[in-house]
Amino acid sequence: MKALTWHGRRDVRVDTVPDPAIKDPTDVIVKVTTSGLCGSDLHLYEVLGPFLDVGDILGHEPMGIVQEVGPEVTAVRVGDRVVIPFNVSCGTCHTCRQGLHSQCETTQVREYGSGASLFGYTKLYGQVPGGQAELLRVPFGNTLPINVPHGPEDDRFVFLSDVLPTAWQAVEYANVPGGGRLVVLGLGPIGDMSCRIALHRGAGQVIGVDLVGERLTRARRRGVHVLNLAEHGKDLADVIRDLTDGRGPDAVIDAVGMEAHGSPAAKLAARATSLLPSALAAKMMEHVGIDRLHALYLAIDIVRRGGTISISGVYGGQTDPLPLLTMFDKQIQLRMGQANVHRWVGDILPLLTGDDPLGVDTFATHHIPLGDAPAAYEMFQKKQDGTVKVLFKP
């Protein structure tokens, strides 16, 4: 089959690789019909090379048609249409039963002290072959795949794999009161969808902040009050307080995380690690903080006293300081973590079977053949051609 594989920093290629096969009796093989390109994939493209091997298959936002099932699979059948969550979770362990699928005890990567395994996302998360491919082996066939109806285009359902539950959890964790005020930092796919969900769930005012004109325009069209960081710079917090009765919003969602491809310090660290032997580079990446924490610091400044910060952007490293005195003094509540996909499916699915209140049918900006994926990665990283969300078609 054809699959997108990692070969080095900023070097991904579409290779011919062996087809996946049933290994365990509850496995299923899915013929991928659509797979998304996530902002998190850019970390693999840029800074997480020490935790990848040449030939690793990327991608964690797939959906498709069940092609083969193991002998103990009863929940899905050949021909079923399914979305595959990015968490590789068993659905039956202690943490999964609590709705914490991202902490699945069955697939935790204890070697690195990490939570549940993820599709297509480095040794830190199990080195499980990903979904930017023609075929995907999916474990836990009775509990992991999400059955969706045939009929609508893939765009209606594919975002159940990551974007929708991640944004839903971000809004849930933000705990915005009815009619309350929310600031979303970063209007990429997660930030954009978080704005839509917050407004749908009754937020009175949603303010979105970004640097990219196309992202700001998209959010404005959905009723978001947008602010261009480049125009407001160091005055952004004051501008937001002026818009929120002088006290700041009830909650802030940080949908930026370690946008290392925009940070000179992180770029330097990434380049340095690329010159080291793999084992040494991996250890450096684990223990040296290279995060760009500007968005998180900004969230701490902006949020009202007693408010909540919800972090959906991915951070890494362990040496970045936090202003704990300020956070304590402001009595800030902080919630974060990988999305627990299955926890939110029941809330989201009803919104995908009617009149599309979240605009998923037109959410993707680019539909690209899998064979053109390397160019799409470069385009997405450089934010060219209005790229916000890319979907690959194997």
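Heads up: the structure comes first, above all this text.
About the cut-offs
Residues numbered from 1 in each chain as written. Predicted model: local features only at pLDDT ≥ 70, side-chain atom pairs only at ≥ 80, totals over all residues. Heavy atoms only, no water. Helix = DSSP H or I, 4+ residues; strand = E, 2+ residues; numbered from the N terminus. Expected span 1.5 Å × (residues − 1). Buried < 20%, exposed > 50% of the residue type's maximum accessible area, 1.4 Å probe, protein only. Contact = heavy atoms within 4.5 Å. Pairing = 2+ DSSP bridges. Right-handed = clockwise from strand over helix to strand, strands pointing away. Axes fitted to C-alpha atoms, helices over the stretch in contact; angles between N-to-C directions.

Now for helix 3 (residues 163-174). Its twelve residues give helix 3 an end-to-end C-alpha distance of 16 Å, which sits within 8% of 16 Å, the value for a rise of 1.5 Å per residue. When you tally the buried positions in helix 3, you get eleven out of twelve residues, the bulk of the element. Among all positions of helix 3, only V163, L164, P165, T166, A167, W168, Q169, A170, V171, Y173 and A174 are buried. Tucked inside the fold, the buried residues of helix 3 contact strand 10 (181-185), helix 4 (189-200), strand 13 (251-254), strand 14 (308-311), strand 15 (333-336) and helix 12 (341-348).

Relative to strand 12 (residues 225-228), strand 11 (residues 205-210) runs parallel, the two being bridged by four bridges. Residue G208 lies in a different strand from strand 12, and its bridge partner there is V226. Of the crossover connections in this fold, the one passing from strand 11 over helix 5 (residues 213-221) to the parallel strand 12 is right-handed.

Strand order in this open sheet of six strands is 12-11-10-13-14-15, and the pairing throughout is parallel. With one partner strand each, in any of the chains shown, strand 12 and strand 15 form the two edges of the open sheet. Between one strand axis and the next, the sheet turns by 20° as a mean value, whatever way the strands run. Note: strand 14 against strand 15, four bridges, orientation parallel. Across the sheet, residue S310 finds its bridge partner in strand 15, namely R335. Sheet strands touched by helix 3: strand 10, strand 13, strand 14 and strand 15. Its angle to strand 14, the strand with the most contacts, is close to 165°.

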